[in-house]
Amino acid sequence: MQQTIQDFLSRQRKVWFFNVRGDLIAGIVVALALIPEAIAFSIIAGVDPSVGLYASFTMAVVIAFAGGRPGMISAATGAMALLTVTLVAEHGLQYLLAATILTGIIQLLFAWAKLARYMMFIPRTVLVGFVNALAILIFLSQVPYLVDGDTTMWALVAAGLIILYGLPLIPGYPKLLPPPLVAIIALTIVVYFMGLPTLEVGDMGEMPSGLPVFLFPDIPWNLETLQIIFPTAFALAIVGLLESLLTASIIDDLTDTPSGKNREAQGQGVANIVTGFFGGMASCAMIGQSVINIKSGGLGRLSTLAAGLFLLFFILVLADLVSIIPMAALVAVMIMVSIATFDWGSLTTLHKLPRTDAVVLVVTVAVTVITHDLSMGVFAGVLLSAIFFARKMVKAVEVKSDLSEDGKTRIYTVRGQLFFVAVDKFIDSFDYRERIHNVEIDLTRASLWDSSAVAAIDKVVGKFRRNGMEVEVKTPRGESGELHDKLALHDKGADLGPGGH
């Protein structure tokens, strides 16, 4: 028993306390970056800033324990906020809280069904497009601050970028002191003591005055309510899981460590349920803050927990100090994140990629940037990849024709993969008008994937028989043979005329 406890504590130390200083410092930086974004996303959704701030706190704390990707940050996001606008406008905050709880329940069902395994169907070009589009969107989200800003804003942003990129170049600069934190503190001191007039975090909205409280949404719990919130909750669940699992894959690559995708999906569900009961909006993983966390030295679960706890500490205890942080400092940090997130190597290799891969990458980026919806971009990229794959697979089936030594039998040898996209080519590969009595179709080297393949074989056999030929079919082995024997009609005396099968 004692040995079991020691093993458990040893595993927890390796997960939670292997990088304490780096995780705590990164948590501070992430918490500071979360505040203005949580407020901004609340405004987008049409709710009080406290809804986004509470959501960011509860999501970060719960996901630190329940998530499958250490070092990843989950909080209120723009993509999720956009999906709730109509629901909030028509039915109010309480229905949003109920939808958040239902979102978590749906995500739990997805996790228990192990749907995260289907991440393998997202091609690398779509992932690269996702990353690049996200980097562009992060940068574009900072542009309004620059366009609407004055000379002071521009100067402060420039100073912040100089600090962010200049400090690591100084010989002997301590790696444990993240430049984003230094930039935020330095610009805040400059603005405060010089009395510079510029946009500050406090200008984005009021800070909450108390802890989040457990509550049940004040709505009628009936079928009509379910009909109202289900469409929004289902969309939130899909987008939230998609963004979270893609972000987890990106952080996997950044840290060269694996993560549990199904556990992450389950963790997102649990966190959203808790968030809904504590007055927060539906949330998911944030790639921008996750990258900030990793770049600032945060690697373990402690960094995610610290981000949530520091966020609550800042908004409740240090609200006055947090309010005077210039937005220019956070704009500079987010610009740095967008530059670091973008896969610049993809630009130099774009012309070397197969044309179809290049088109998928560009379309994924374009759709995402135009719609400002990461899920739409990924969906477009995956759909286009599937279409291109299907086109390539048309060429995967080959039919070779030979005449027997006695000249009485035409032997057709089929090789490759036969399924719905290749059936037309397969059917057109036979000569149905040849003056010969016997035909042999050898399928032993072919793989049959679906019912369309078996139907195509029946169609070919039917065409030959209507022209007076005797047809022998050598069936494939294994699962393909089982599928053929189960569905084929040509060997069961069925009508294979033009109206048959």
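This text follows the structure it describes.
Residues numbered from 1 in each chain as written. Predicted model: local features only at pLDDT ≥ 70, side-chain atom pairs only at ≥ 80, totals over all residues. Heavy atoms only, no water.

Asker: So what's going on with the overall build of the protein chain? Residues and values would help.
Answerer: Of regular secondary structure, the protein chain possesses 20 helices and six strands. Computed over the C-alpha atoms, the radius of gyration of the protein chain is 29 Å, more than 25% above the 23 Å expected from 2.2 N^0.38 for a compact globule of 501 residues. Taken over the C-alpha atoms alone, the protein chain extends approximately 100 × 60 × 60 Å along its principal axes. The proportion of buried residues among the 501 residues of the protein chain is 53%. Long-range pairs, those at least 24 residues apart, make up 82% of the contacts in the protein chain between residues at least 6 apart in sequence. (Helix = DSSP H or I, 4+ residues; strand = E, 2+ residues; numbered from the N terminus. Rg over C-alpha atoms; globule rule 2.2 N^0.38 Å. Buried < 20%, exposed > 50% of the residue type's maximum accessible area, 1.4 Å probe, protein only. Contact = heavy atoms within 4.5 Å.)

Asker: Can you break down the packing of aromatic side chains residue by residue, with the values?
Answerer: Summed over all chains, the structure comprises 19 aromatic pairs. Each ring, one from Phe-310 and one from Phe-314, has its centre 6.0 Å from the other, and the planes form 25 degrees; the classification is stacked. With a gap of four residues between them, Phe-310 and Phe-314 both fall in helix H12 (residues 301–316), about one helical turn apart. Classification of Phe-310 as partly exposed rests on a relative accessible area of 24%. Feature note: the residues Tyr-412, Phe-426, Phe-430, Tyr-432 and Phe-464 constitute an aromatic cluster, connected by ring pairs. Stacked on the ring of Tyr-432, the Lys or Arg Lys-463 has its end atom at 5.3 Å from the ring centre. (Phe/Tyr/Trp six-rings, centres within 6.5 Å; stacked < 30°, edge-to-face > 60°. Lys NZ or Arg CZ within 6 Å of the ring centre and 35° of its normal.)

Asker: Before we move on, could you go through the pattern of salt bridges and cite the residues and values that matter?
Answerer: Applying the stated criterion to the full structure yields five salt bridges. Put simply, Arg-69 and Asp-252 hold a salt bridge, and the shortest N to O gap is 2.6 Å. On the criterion of sequence distance, the pair formed by Arg-69 in the loop between helix H3 (49–66) and strand S1 (74–75) and Asp-252 in helix H9 (residues 223–255) is long-range, its members being 183 residues apart. You can call Arg-69 buried: its relative accessible area is 6%. Accessibility expressed as a relative area gives 11% for Asp-252, which makes it buried. Between Asp-252 and Lys-261 there is a salt bridge, with its nearest N and O atoms 2.6 Å apart. (Salt bridge = Lys/Arg side-chain N within 4 Å of Asp/Glu carboxyl O.)

Asker: I'd love a proper account of the packing of helix H7 (residues 151–166) against helix H8 (residues 179–194), names of residues and values included.
Answerer: Relative to each other, H7 and H8 sit at 145 degrees, their axes nearing to 9 Å. In this structure, the crossing between H7 and H8 has a hand that is right-handed. Two secondary-structure elements touch here, H7 through Leu-156, Ala-159, Gly-160, Ile-163 and Leu-164 and H8 through Pro-179, Pro-180, Val-182, Ala-183, Ala-186, Leu-187 and Val-191. (Axes fitted to C-alpha atoms, helices over the stretch in contact; angles between N-to-C directions. Left-handed = near helix turned anticlockwise from the far one by under 90°.)

Asker: An account of helix H20 (residues 478–487) is requested, with residue identities and associated values reported.
Answerer: Within the span of H20, buried status applies to Ser-480, Gly-481 and His-484. Seen along its axis, H20 keeps its buried residues to an arc of 100 degrees; they face one direction. Away from its buried face, by an angle of more than 90 degrees, H20 presents the exposed residues Glu-479, Glu-482 and Lys-486. (Arc of directions from axis to C-beta.)

Asker: Let's hear about the nonpolar core: which residues, and what values?
Answerer: In this structure, Ile-35, Phe-130 and Met-207 are the most contacted members of the largest nonpolar core, which totals 82 residues. Discounting chain neighbours no more than four positions away, the residues touching Phe-130 are Leu-246, Ile-250, Ile-287, Thr-364, Leu-374 and Val-378. (Core = buried A, V, L, I, M, F, W, Y, C linked by side-chain atoms within 4.5 Å.)

Asker: Give a detailed account of unusual backbone geometry, specifying residues and quantitative values.
Answerer: Phi is positive for Asp-256, close to 55 degrees, though the residue is something other than glycine. Relative to the helices and strands, Asp-256 resides in the loop between H9 and helix H10 (261–277). Classification of Asp-256 by relative accessible area gives exposed; the value is 70%.

Asker: Explain the environment of Arg-69 to me, and be specific about the residues and the numbers.
Answerer: Expressed as a C-alpha distance, the spacing of Arg-69 and Ile-136, which sit 67 residues apart in the sequence, is 24 Å. Engagement of the side chain of Arg-69 in a polar contact is seen with the side chain of Thr-257, the distance being 3.0 Å. (Polar contact = N/O pair within 3.5 Å; in protein donor to acceptor, adjacent residues only side chain to side chain.)

Asker: Please set out helix H17 (residues 374–393) residue by residue, giving values where relevant.
Answerer: The first and last C-alpha atoms of H17 sit 28 Å apart over 20 residues, in line with the 28 Å expected at 1.5 Å per residue. Taken together, the buried positions of H17 are Leu-374, Ser-375, Gly-377, Val-378, Ala-380, Gly-381, Ser-385, Phe-388, Ala-390 and Met-393. Looking at the buried residues of H17, the elements they touch are helix H6 (124–147), H9, helix H16 (355–371), strand S3 (397–403) and strand S4 (409–418). (Expected span 1.5 Å × (residues − 1).)

Asker: I'd like a rundown of a nonpolar patch on the surface, residues and numbers included.
Answerer: A contiguous nonpolar surface patch, about 450 Å² in accessible area, is contributed by Leu-223, Leu-226, Phe-230, Phe-234 and Ile-238. For Ile-238, the location among the structural elements is in helix H9. (Patch = residues over 30% accessible without salt bridge, like charges linked within 9 Å, V, L, I, M, F, W, Y side chains within 5 Å. Areas by Shrake-Rupley, 256 points an atom, 1.4 Å probe, with all protein chains shown as cover.)

Asker: A description of the side chain of Thr-103 should follow, citing residues and the corresponding values.
Answerer: Locating Thr-103 in the fold gives a position in helix H5 (residues 93–112). We classify Thr-103 as buried; its relative accessible area is 0%. Not counting the four nearest positions on each side in its chain, Thr-103 is found in contact with Ala-233, Leu-236, Ala-237, Asn-272 and Ala-282.

Asker: Could you give an account of the pairing of strand S5 (residues 438–448), naming the residues involved and the relevant values?
Answerer: As defined by bridge partners, S4 adjoins S5 across nine bridges and the pair is classed as parallel. Paired with Ile-411 across the strands is Glu-440, a residue of S5. Direction of pairing for S5 relative to strand S6 (residues 470–474): parallel, over a ladder of five bridges. When the sheet's bridge partners are listed, Ile-441 is paired in S6 with Val-473. Handedness of the crossover joining S5 and S6 through helix H19 (residues 451–466): right-handed. (Pairing = 2+ DSSP bridges. Right-handed = clockwise from strand over helix to strand, strands pointing away.)

Asker: How would you sum up the pairing of S4? Please name residues and give values.
Answerer: Here S4 lies mainly inside the structure; seven of its ten residues are buried. Bridge count for S3 against S4 is seven bridges, and the pairing is antiparallel. Paired with Lys-400 across the strands is Thr-413, a residue of S4. Hairpin connection between S3 and S4: a loop of five residues separates the two successive antiparallel strands, and Gly-407 in this loop has a positive phi of roughly 70 degrees.

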